2 protein chains.
Amino acid sequence: MTQTLQDRLSDYAAIAADLCVDAVALVPGPNFTRALNHSFMSHERPFLLVIPANGPPAALVPNLELGSWDQVGFDGAVFDWRDQDGYDTAFAALTAHLAISSLAVEGQVMRVFVHHALKAAQPDLRIVDGEREISGLRMIKTPEDVAALQAAIDISERALAHTLETVRLGQSETSIEQVLIRALFAEGAEDLSFAPIVAAGDNSARPHAHARADYAVQAGDALLLDFGARKHGFAADITRTVFLQHATDEAQEVYDTVLRANLRGHAVTRPGVTAHDIDDAVTGVLEASPYADRIRTKTGHGLGRNVHEAPYIMRGNHMALPAGTVYTNEPGLYDIGNFGVRIEDDVLITETGSTSLTRFPKELTVLPC
Amino acid sequence: MTQTLQDRLSDYAAIAADLCVDAVALVPGPNFTRALNHSFMSHERPFLLVIPANGPPAALVPNLELGSWDQVGFDGAVFDWRDQDGYDTAFAALTAHLAISSLAVEGQVMRVFVHHALKAAQPDLRIVDGEREISGLRMIKTPEDVAALQAAIDISERALAHTLETVRLGQSETSIEQVLIRALFAEGAEDLSFAPIVAAGDNSARPHAHARADYAVQAGDALLLDFGARKHGFAADITRTVFLQHATDEAQEVYDTVLRANLRGHAVTRPGVTAHDIDDAVTGVLEASPYADRIRTKTGHGLGRNVHEAPYIMRGNHMALPAGTVYTNEPGLYDIGNFGVRIEDDVLITETGSTSLTRFPKELTVLPC
């Protein structure tokens, strides 16, 4: 069942052939981890795996990583370089060895200094952005991938339950955030998917708000928590919005609108649905409400080793989504200066329909505090 | 005392002038955060701040970030774009507005898809790598920066002390790692500087090892912990290597060699010393030992908002280091298949010499377990 390294590298060779380029290059990040079944850091050091359409792969490896690289079971050519010597010679040796004229790279992962080093070593090398095809290999999740995501989500939901039990009026957003972070690790998180968003009152209207140390949460506030645990290399991403002590009529109507949009997204999700169709259904509910001017985002994004990955759930993306796709269904309404509501689930497309991997309750919740 | 947004943007305008380019572009990351005094996420969305050598700045902002962008106090032109529309039009409008012909970017931060979007909008735009100059502005730490680093380091050292008290023979590396991570957040970490390295026995010989769930730590093992807390946006980075129950004569000699190298680094550090001179002194101690073939890394790197940043402490880097520089002094000896030792301090260059911000004891420690 499990793919071998050779099988996985063949996937990228096939992409090179499909894109009519001579090879695919990967740098440390989610595709690199998937290809090698081993994660590496990069920082200031270039680190490159090149898989030609035809012929054996090759790699450019920082010397200090050779001890870890030995664990990968790679049998292609390896060009290592030491900090003191710099990497120009290794790039020159790699490109001479490969003798290619075109290369597809991960545009959302590779940084410009690696692009420049490749061009310096081989000025006529044609570099194209193969992000969509390369990262597209991660779109259909294996059963092992789904199990890892579910573990990350279960940890996240337990941490959220604990956090909501401890919220009290007068707390700062940062103190609530700290409770949440500690709960995530106490529940078994390996890392955070991203710096959590814990935002109350007017701050909840900023989709990527930062928690404030100098704002005390008040009765009537919306409290939005958007966060996730990382487990076995996969990232959960869940949002719930609750209200403190009471919710105004407007808040209840807005919440109901967002919840209906979210439920509509679940209802239309089945194998073969397009990303466009999901966003159209979800955003359509928001647009039909009195709060259409508070729409600020698309419906969601794919979820896996990266918090944001293909498919992007938005109008205009007519990609049909197969079983095994996991995406975030996260409609929101944001009234700048007033408050925002977002409800985010992680949805798996199954052979027969869909299932929500997030199961945390979504009915309007007013914390007694 | 504190710089205004205008002051900080002027720093980048001056760099553009120095580099003989028309403007500097920043993308979300440590320089962006320094410039705006506000951190933003990017993910799949391009987000760009352009500071011309002459004239007002401009920005390309994802629409959903406008609510957060309002907090920045930016008064230049803003070109926003929505997910559903894509960003090509915004790039075209931005480049038409700027009317520049050359641009310096952060090669270690900007990803290739942004580079491609700029070139698509303006094919004749000359893009140069200004990483060294742009990130160089972060090299000299302000008193506020140093206070944040010290807070991150203090948290890290308390977490380490707690973790070492709990280590027992037979534990897995991953279980020790979990204790460490929970302790970091319990002590007040906002985030991890990076996924910690907790490696025993032969795994300690891999400079960037991953903790293993299936290895039980044994008497005689070296146990290497390399990790850090992030606080107020700044990242600690500390390594200690201890031994479990006993240390062989070889282990003691290797440890003593690494410690002497580390102490030599402290001894030569004063304002005006070059990165080359520090590495030469530290690595010289290792080279003069019987273990010279176990050297695998340079002495260290700058530390601040990024875990790895300028200055890189290695031979050949003849940059003189001024007061306010913080770098990691982290010599190590790695015998692949056997064991490794690394001792890492975070060193601040002061007006009169240097001080170690890390103060965790460094004498050879054998845990009783």
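Residues numbered from 1 in each chain as written. Chains lettered and ligands numbered in written order. Predicted model: local features only at pLDDT ≥ 70, side-chain atom pairs only at ≥ 80, totals over all residues. Heavy atoms only, no water.

Colleague: Residues and numbers for the packing of aromatic side chains, please.
Modeller: Across all of its chains, the model carries 21 aromatic pairs over all chains by this definition. With a centroid separation of 6.2 Å and an interplanar angle of 75 degrees, the aromatic rings of phenylalanine 243 of chain A and tyrosine 255 of chain A are classed as edge-to-face. Of the two residues, phenylalanine 243 of chain A is situated in strand β12 (residues 238-244) and tyrosine 255 of chain A in helix α9 (residues 249-268); the sequence distance between them amounts to twelve residues. Both residues of the pair, phenylalanine 243 of chain A and tyrosine 255 of chain A, count as buried. Relative to phenylalanine 339 of chain B, the ring of phenylalanine 243 of chain B lies with its centre 6.5 Å away and its plane at 70 degrees, an arrangement referred to as edge-to-face. In this pair, phenylalanine 243 of chain B is assigned in strand β12 (residues 238-244) and phenylalanine 339 of chain B in strand β17 (residues 339-342), connecting sequence segments 96 residues apart. When sorted by exposure, phenylalanine 243 of chain B lands in the same class as phenylalanine 339 of chain B, which is buried. Cluster of aromatic residues (ring-pair linked, three or more members): Phe32, Phe40, Phe47, Trp69 and Phe74 of chain A. When the ring centre of tyrosine 215 of chain A is taken as origin, the NZ or CZ atom of arginine 212 of chain A, which lies over that ring, is 4.2 Å away. (Phe/Tyr/Trp six-rings, centres within 6.5 Å; stacked < 30°, edge-to-face > 60°. Helix = DSSP H or I, 4+ residues; strand = E, 2+ residues; numbered from the N terminus. Buried < 20%, exposed > 50% of the residue type's maximum accessible area, 1.4 Å probe, protein only. Lys NZ or Arg CZ within 6 Å of the ring centre and 35° of its normal.)

Colleague: Outline the nonpolar core, listing residues and values.
Modeller: Core analysis: the biggest nonpolar cluster contains 54 residues, and Leu184, Leu223 and Leu225 of chain A together with Leu184, Leu223 and Leu225 of chain B have the highest contact counts within it. Contact partners of leucine 223 of chain B, with chain neighbours within four places excluded, come to Val167, Ile176, Val198, Ala199, Ala200, Arg240, Thr241, Val242 and Leu244 of chain B. Counting 30 residues, the second-largest nonpolar core is a separate cluster that includes Ala251, Val268, Ala275 and Tyr327 of chain B. (Core = buried A, V, L, I, M, F, W, Y, C linked by side-chain atoms within 4.5 Å. Contact = heavy atoms within 4.5 Å.)

Colleague: Kindly report on the pairing of strand β17 (residues 339-342) of chain A, identifying the contributing residues and their values.
Modeller: All names here are of chain A. Side chains Phe339 and Val341 project from β17 onto one buried face, and the interleaved Gly340 and Arg342 project onto a second face that is buried too. Pairing of strand β16 (residues 332-335) with β17 involves four bridges; the strand directions are antiparallel. Each residue of the ladder has a partner; that of tyrosine 334, found in β17, is glycine 340. Linking β16 to β17, which pair antiparallel, is a turn of three residues; within it glycine 337 sits at a positive phi near 90 degrees. (Pairing = 2+ DSSP bridges.)

Colleague: Please set out the relation of the copies chain B and chain A residue by residue, giving values where relevant.
Modeller: Expressed as a screw transformation, the operator carrying chain B onto chain A has a rotation angle of 180 degrees and an axial translation of 0.0 Å, and the superposed copies differ by an RMSD of 0.0 Å. Expressed as an axis order, the relation between the two copies is that of a two-fold axis. When C-alpha positions in chain B are compared against the rotation axis, the closest is assigned to arginine 111 of chain B, at 2.1 Å. In this assembly, 100% of the residues forming the interface of chain B have copies in chain A that are likewise at the interface, indicating an isologous arrangement. (Least-squares fit on C-alpha atoms with pLDDT ≥ 70 in both.)

Colleague: Outline the sheet that holds strand β4 (residues 77-81) of chain B, listing residues and values.
Modeller: Residues and elements named next belong to chain B. On the basis of which strands lie adjacent, the open sheet formed by six strands has the order β4-β3-β2-β1-β5-β6 and mixed pairing. The open sheet has two edge strands, β4 and β6 (126-129), and neither has a second partner. The mean inter-strand angle of the sheet, taken between neighbouring strand axes irrespective of direction, is 20 degrees. Here strand β2 (residues 48-52) pairs with strand β3 (residues 58-62) via three bridges, running antiparallel. From the neighbouring strand, valine 50 faces β3, where its bridge partner is alanine 58. On the sheet, helix α5 (residues 112-121) packs against β2, β5 (102-105) and β6 and is oriented at approximately 155 degrees with respect to β6. (Axes fitted to C-alpha atoms, helices over the stretch in contact; angles between N-to-C directions.)

Fair warning: the whole summary comes from geometry, so function is off the table for now.
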